[in-house]
Amino acid sequence: MSSVALHQLSHSYAGSTYPAVKDIDFTIEKGELVSLLGPSGCGKTTTLKLIAGLLRPTSGEIYFDADRVTDVKPERREAVMVFQNYLLFPYMSIEENVGFGLRMRRLNKQVIAQRVQEILAVMKLEKLKGRKPAQLSGGQQQRAALARALVLQPKVLLLDEPLSNLDAHLRDEMRELILSIQRSLGVTTIFVTHDQEEAVLLADRIALMFDGKIQQVGESKIFYERPASRRIASFFGNNNSISGFKENRRVTCSIGEFLVESDAAAGPVTVVIRPESILFGDHGVNSFNALVKRQIYMGTHNRYRIDVDGAEWEVIASADSGADLEGKRVSFSLPPEKIWVIPERGQ
Amino acid sequence: MNTGLSLIFMLAPALVVILVLFAGGLALGFSQSLGYMPIIGAYGFNLDAYLQLIKSPGFVPSLLLTIFISVLATLLAVVLAVATALTLRKRFVGKKIVSFLYQFPLTVPHLVVAVGVLLLVSQSGLMARAAFQVGLISDPAQFPILVFDDLGIGVILVYVWKEVPFIGLIALAVLQSMGNDYEEQARTLGANSWQTFRHVLLPLIIPGILPGSIIIFAYVFSSFEVPFLLGKSYPAMLSVLSYRLYTDVDLDARPQAMAMSILIAVFVLILVLFYRRLSQRILRRSG
Amino acid sequence: MIDLRRFPSWDRREVKGCPACFRVIHVAVIVAIVVGVLLPVIPLLVWSFSHSWFFPEILPMELSGRAWTYIGSPLSKVANALINSLIIGAVVTASAAVLGIPAGRALGLNRFRGKTLVEFLILAPIIVPGLAVIMGIHVLFIRLGLVDTLFGVVLVHLLPSLPYMIMVMSGVFANYNVEFEQQAYSLGAGRIRTFVHVTLPAILPGIVTGSLFVFLISWSQYILTVLIGGGRVITLPVLLFAFAAAGDNAVTTALCIVFLAPAILILLFTSRYLSGESGAMGGFGRL
Ligand SMILES: Nc1ncnc2c1ncn2[C@@H]1O[C@H](COP(=O)(O)OP(=O)(O)OP(=O)(O)O)[C@@H](O)[C@H]1O
Ligand SMILES: [Mg+2]
C-alpha cells in the first residue's frame, strides 16, 4: 500500500480555456479510504485519471510514497481505476475479464486461474464466471469490475462513482462490500462520489471539491460543524447562513447584532448555524423574531422553515411540544457557542 | 414499434425492386447458363457450359489469380484502414484537411484510379521516371513490372487505394461510438499500448468492419473494369473471362459466360462464408 | 473470506515499450495518407495538359490544351455524357432515397420474424457479383424493351446502390429514439411538422451519407450501363473506358478530371457527415 501525494496538480483539457483541475495539494495516507466529493463537473473524474496516469497533468507532481510517478505510464502505476460504467469488455466472459490484468502482466496461466478463482469466490461471482457482461445485472457487473481491479492487488484503488448506477438497495450492499474489502486489504482507496451522504457513510476523510479545486479536507464531522465556506455548508444541506461584520465577539448583520465565541479575525464574515442548534423562544442572548412559513412533521422531530430577513432558514426541534407554529411569528435564539463564523477572504 | 402492415408498406417497394431485378436476373442468367436460350433456339437444360468452362485450360489459373487478388486487396485494405483510423481519431494539426483527403478516394471512380495508377507505376510512369532521375534505374525495363503483371499488383493497388477509406471510416465510426473509456480501462488494468490495441481495440473494431470487408472482398472478386484495364490478358481475372465470353460474337459462348458469372457468385458466397468463420474464430481467440 | 493479502504484490514481467515510437508512427501514418492519396492523382493533372511527354522526363516537354479543347468540343460527346451521367445519378439517388429510407427505418427500428431473410435479400445484390445478375437482367430487359433506354439504366443502377442506402439508414435508425417523435406528436405537432423538425434533422447525416454512396455508385458505373445502355446511353464512364482502352493519355486524363470534379464538389458538402460524430458510417457495421 502506498500513500498518494498530489502537489500543485493542475490539468487543462486540450482546447479548453480554463483548467478542469487546479492546484490540488492533497495527501492520502497509506491504507486510508478518502472520498473525493463534489458536484457534477467539478473535476473528480479528471483528478482520478491524473492519479491513474490516464491524463498527464499540465503542471504539478504526483507521488506514491516517496516515488515520483508523474511520468510513469498508467500500466506501471500500481494504481487501478474502476470506471463509473463498469466497462467490462463485452466480448470476454466474466472470468476472462477478471483475469485481464494478470494476463497483461504475462503471469503463469495456473497462477492466473487460481487468483481469478479466489477473487470470484470473494465477490460471489463463481456461478456467473462463464457469462458475458451483457448477461449480468448492474450489481453483478459492478462486482465483476471491482474483482477485475482487486485481483491485481493495486497499491492504490481508484473508484469513480461506483454506486451511482445502482438502485438504493444494492447501493447499501455494495457500499458495505467495498468497505469490508477495503478494511481487510488495507488498500489505499479514493472513492469519487457526488453524494455527501455516501461520502460520510464510507470515508475516513472527505476531500470536497468545487470548480476543480479542493475546498476542504477532513473527517465528515467538520463539514457539518466547521464548513470552510457558505457553499460547503449548503452542499452539506445547511442553508442557515447570513453575512455580517465581526468586531471583537460581536457580529453585526441585517437582522441585528449577536454575540459569538469565535476567535475569527475582525472583518466581513459569514455566519452559519446548524438547524438543530437553533432554539425556539427567548433564551436571553441572540434572540430574534421570525415568521414560521412551514412546519413539517418528520416522525421523531419537526422541521420548520422560518423567514430570516428574506432568507429561508431551517430549524429542527423535538416533536414533543406538538404546538402548530405554522404562520405564526416566533422568537428564536442562537447559542453563541454554536455559531460558526467564517471570515470572508478578501476578494 | 410498427404494425405488420406498416412494416410491409415500408419494406415492400425496396424489396420488390431488388427481388425483381436481382432474383429475376439471377434466375434468367442461371437458366441461360444451363443452355436455355429461346432467342437462338436453344431449349436445353444441361451442364455443358459448366463442364466446358472447368475443363478449359485457362480456368484454374484465372480462379487462383482472382482469389489471390481479392484476398490480398481486402487484407491490405483492412490493415491499412485500421492503422489509419487509429491515427485519424486523435487530434492533430491539420486534421480537417487530412480527413478530407482521406475521404477523397471514396468519390473517385475505379476507372479513374486505374488510369492514375497506370500512369504512376507503369514502366514509363511517373515513378519510373523519378527512379531514373535519381539514378536508381537507367532504362524503363529495369523498373519492376507492376501493371499487366502476373500477380495483378496494379489491380491490387487500385482497390487498396480505393477501399481503405471505406473500411477506415467504418472503423472510425466504431471507435468514436465507443470513446476512450475501454482503452483507459485497459491501461489502468496494466495493458501497455500494444496490448490495449491487440486485446481491447481490435476485438471491438473487427466485428464492425467485418461486413464492410466482406463487401469489398465480393466487389474485388467480381468486378471487371480494373483488371480489364490493368490486368494481364492471360491469366485474367474470372470477371474478365466472363465479359469476353459474353461479348463474343459467337452466341454459343453465351451460356459459358453465364456459367462463369454463376460460378463467380458461388465462389464468392463460399469464400465469404469461410471468411466469416475464420474471422470469428480469430476474434474469439484474441479476447 | 479469503485473505487477499497473500497474493504477491504487483508482480509483472517487464514489457518492452518505446514511448517515442508511437509519435513517430503517428506522424508517419499522416504523411503516408497525404502522399498515398495524392500520388495517383498527380499524373492525371499533369498529363491532361501535356503535349509530348516521353520517358524519362519528369515534367512534360511541351504543354498543350489540345485534350481540353477536344473534350470541350461537341465531337467528343463529353457534354452529352456528362449530362446523362448527372441525370441518371440524380434520378437513381432520389429513387434510392424514396425506396431506401422507409426500408431502413423498418429494419432499424423493428424486430420481426423473417428480418434476417429480408436483410440477406437486401445485402445479396452487393455480395453476389453484378455480372451474374446483369446478364440475366439484360435478357429480361430486352423482352421488356428497356434496353438502350435511360430508364432501363436507372433501374439497373438501383440494384447495387439501393442496398447501401438501406444499410446506412437502418444503422441510423437503430440509434434513433422514436420517442422524440411521440413527444412531438403529444406537443401538438402534426405528421409533416414532426418529420421536418424532429425526424429529418436526426437522420439527415444518414440520408447525406447514403445518397453520397448511391450517387457515386451510379456515377462510376460502367458495366451495367454499357450492357443495358447498349452503346446508346453514353455516360462518362463509358466514354472514359473507351478512351482508356484506346490509350490517348492526354484525353483520358482530361476526361478523368471532368469525371472527378462533381464528386469532389459533393464531398466538400458531405465530408463532415462521413467522419463526424453522427456515425452514419456505422450502419455498415451492424448488418
Ligand atoms: N475530454 C474532455 N475534454 C474537455 N473537457 C473535459 C473533458 N472531460 C471533462 N471535461 C471538463 O472538465 C471538467 C471536469 O470534468 P470531470 O469529468 O472531471 O467532472 P466530474 O467531477 O467527474 O463530473 P461528474 O460527476 O459529472 O462525473 C468539466 O467541466 C468537463 O466539462
Ligand atoms: Mg465523473
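Residues numbered from 1 in each chain as written. Chains lettered and ligands numbered in written order. Predicted model: local features only at pLDDT ≥ 70, side-chain atom pairs only at ≥ 80, totals over all residues. Heavy atoms only, no water.

Q: What is the right way to read the nonpolar core from this model?
A: Judged by nonpolar contacts, the single largest core of 279 residues is most densely connected at A:Met123, B:Phe166 and C:Phe284. Per element, the largest residue contribution to this core is 16 residues, and it comes from helix α7 (residues 153-178) of chain B. In this structure A:Met123 touches A:Arg143, A:Leu146, A:Ala147, A:Leu150, A:Leu177 and A:Ile181, once residues within four positions along its chain are discounted. Of all hydrophobic cores here, the second largest spans 25 residues; its members include A:Val251, A:Cys253, A:Phe258 and A:Tyr304. (Core = buried A, V, L, I, M, F, W, Y, C linked by side-chain atoms within 4.5 Å. Buried < 20%, exposed > 50% of the residue type's maximum accessible area, 1.4 Å probe, protein only. Helix = DSSP H or I, 4+ residues; strand = E, 2+ residues; numbered from the N terminus. Contact = heavy atoms within 4.5 Å.)

Q: Looking at this structure, I do not really get the domain arrangement of chain A. What am I missing?
A: Interfaces are often described in size by the accessible area the parts lose on coming together. Residues and elements named next belong to chain A. Assigned domains within chain A: domain 1 (4-225) and domain 2 (230-346). For domain 1 versus domain 2, the separation of C-alpha centres amounts to 39 Å. In this assembly, 15 residues from domain 1 lie in contact with six residues from domain 2. Counting each side, the surface lost to burial between domain 1 and domain 2 is near 1,100 Å², with a carbon and sulfur contribution of 70%. Counting the surface domain 1 buries against domain 2, the share from its top three residues, Phe210, Tyr224 and Glu225, is 46%. (Domains from an automatic or database assignment. Buried area = accessible area lost by both parts, 1.4 Å probe.)

Q: It is not clear to me how the environment of B:Gly24 should be interpreted in this structure. Could you clarify?
A: Residues and elements named next belong to chain B. Summarising the element assignment, Gly24 is placed in helix α1 (residues 4-33). The exposure class of Gly24 is partly exposed, given its relative accessible area of 23%. In the structure, Gly24 is positioned 196 residues away from Val220 in sequence and 24 Å away in space, judged by C-alpha atoms.

Q: How should I be thinking about the domain arrangement of chain C in this particular structure?
A: All names here are of chain C. Assigned domains within chain C: domain 1 (19-64) and domain 2 (77-286). Facing the six residues of domain 1 at the interface are seven residues of domain 2. Roughly 530 Å² of surface becomes buried between domain 1 and domain 2 when both sides are summed, with 81% attributable to carbon and sulfur atoms. At the surface where domain 1 touches domain 2, the tally comes to zero salt bridges. Counting across the interface, domain 1 meets domain 2 through one residue pair in polar contact (both at pLDDT 80 or more). (Salt bridge = Lys/Arg side-chain N within 4 Å of Asp/Glu carboxyl O. Polar contact = N/O pair within 3.5 Å; in protein donor to acceptor, adjacent residues only side chain to side chain.)

Q: How should I be thinking about the sheet that holds strand β19 (residues 329-333) of chain A in this particular structure?
A: In any sheet, the strands associate via hydrogen bonds between backbone groups, in a parallel or an antiparallel arrangement. Read from one edge to the other, the open sheet built from five strands follows the order β15-β19-β16-β17-β18 (chain A), with strand pairing classed as antiparallel. Since the sheet does not close on itself, it has two edges, and those belong to β15 (279-280) and β18 (311-318) of chain A, each with one partner. (Pairing = 2+ DSSP bridges.)

Q: What should I look at first to understand the pairing of β18(A) in this one?
A: Successive side chains on a regular strand alternate, one facing one side of the sheet and the next facing the other. All names here are of chain A. In the sheet, strand β17 (residues 301-308) pairs with β18 via eight bridges, with the strands oriented antiparallel. By the bridge assignment for β18, Asn302 is matched with Ala317. Once β17 ends, the chain turns through two residues before running back antiparallel as β18, passing Asp309 with a positive phi of about 50 degrees.

Q: I keep staring at the side chain of B:Ser222 and nothing clicks. Help me out?
A: The residue B:Ser222 is located in helix α9 (residues 193-222) in this model. At a separation of 3.0 Å, a polar atom in the side chain of B:Ser222 contacts the main-chain carbonyl oxygen of B:Ala218. When near neighbours in sequence (up to four residues on either side) are disregarded, B:Ser222 contacts B:Ser239, B:Ile264, C:Pro129 and C:Leu131.

Q: Explain the packing of helix α8 (residues 181-188) of chain B against α9(B) here, please?
A: Residues and elements named next belong to chain B. Packing of α8 against α9 leaves a shortest axis separation of 10 Å and a crossing angle of 140 degrees. Between α8 and α9, the angle is such that the two are oblique. Handedness of the crossing formed by α8 with α9: right-handed. Here α8 contributes Tyr182, Glu183, Ala186 and Arg187 to the contact with α9, which in turn contributes Ser193, Thr196, Val200, Leu201 and Leu204. A class-by-class count of the residues in the contact of α8 with α9 yields five nonpolar, two polar and two charged. (Axes fitted to C-alpha atoms, helices over the stretch in contact; angles between N-to-C directions. Parallel < 35°, antiparallel > 145°, perpendicular 65-115°, else oblique. Left-handed = near helix turned anticlockwise from the far one by under 90°. Nonpolar A, V, L, I, M, F, W, Y, C, P; charged D, E, K, R; others polar.)

Q: How should the site of ligand 1 be read in this particular structure?
A: Residues and elements named next belong to chain A. Around ligand 1, the neighbouring residues are Tyr13, Tyr18, Ala20, Ser40, Gly41, Cys42, Gly43, Lys44, Thr45, Thr46 and Glu161. The backbone of Cys42 places a nitrogen or oxygen atom 3.2 Å from an oxygen atom of ligand 1. Here an oxygen atom of ligand 1 sits 3.1 Å away from a polar atom, N or O, in the side chain of Glu161. Within the complex, the protein chains bury 61% of what would otherwise be the 630 Å² of accessible surface of ligand 1. In terms of residue class, the shell around ligand 1 is built from four nonpolar, five polar and two charged. (Near = heavy atom within 4 Å. Areas by Shrake-Rupley, 256 points an atom, 1.4 Å probe, with all protein chains shown as cover.)

Q: How should helix α1 (residues 44-52) of chain A be read in this particular structure?
A: Two residues of an α-helix separated by three or four positions point the same way, owing to the 3.6 residues in each turn. Residue and element names in this part refer to chain A. Of all the nine residues making up α1, eight are buried; the element is thus mostly covered by neighbouring parts of the structure. The set of residues buried in α1 consists of Lys44, Thr46, Thr47, Leu48, Lys49, Leu50, Ile51 and Ala52. After α1 finishes, the residue Gly53 shows a positive phi value of roughly 90 degrees.

Q: Help me understand unusual backbone geometry, please; the structure alone is not making it clear to me.
A: Across residues other than glycine, the phi torsion is negative in most instances, and most of the peptide bonds are trans. Look at the link from B:Tyr234 to B:Pro235: it is a cis peptide, with omega at -5 degrees. Examined against the element boundaries, B:Pro235 turns out to sit in the loop between α10 (225-230) and α11 (238-246). The backbone phi angle of A:Asn286 is positive, close to 45 degrees, even though this residue is not glycine. Within the secondary structure layout, A:Asn286 lies in the loop between β15 and β16 (287-297). The class of A:Asn286 is buried, set by a relative accessible area of 7%. With a phi angle near 65 degrees, C:Lys77 is a residue other than glycine that sits in the positive phi range. Topologically, C:Lys77 is positioned in the loop between α3 (66-72) and α4 (78-109). For C:Lys77, a relative accessible area of 44% corresponds to the partly exposed category.

Q: What's the story with the interface of chain B and chain C in this structure? I'm lost.
A: Contacts between the two partners involve 88 residues from chain B, matched on the other side by 95 residues from chain C. Along the contact surface separating chain B from chain C lie zero salt bridges. There are eight residue pairs in polar contact (both at pLDDT 80 or more) connecting chain B and chain C. Looking at the side of chain B that touches chain C element by element, the count peaks at 16 residues for α1(B). Its residues placed into classes, the side of chain B that touches chain C shows 63 nonpolar, 22 polar and three charged.

Q: Quick question: what am I supposed to make of the pattern of salt bridges here?
A: Between side chains of opposite charge, a pair can form when the charged atoms approach closely. According to the stated counting rule, one finds 26 salt bridges over all chains in the structure shown. Overlapping salt bridges, with partners in common, bring together A:Lys293, A:Arg303, A:Arg305, A:Glu312 and A:Glu314 in one network.

Q: Just checking my understanding: could you explain helix α2 (residues 94-104) of chain A for this structure?
A: For α2(A), a buried count of eight out of 11 residues is recorded, marking the element as mostly surrounded by other parts of the structure. For α2(A), every residue scored as buried is listed here: A:Ile94, A:Asn97, A:Val98, A:Gly99, A:Phe100, A:Gly101, A:Leu102 and A:Met104. Looking at the buried positions of α2(A), the neighbouring elements they touch are α3 (109-122) and α4 (138-150) of chain A together with α8 and α9 of chain B. Positive phi appears at A:Arg106, one or two residues downstream of α2(A), with a value of about 55 degrees.

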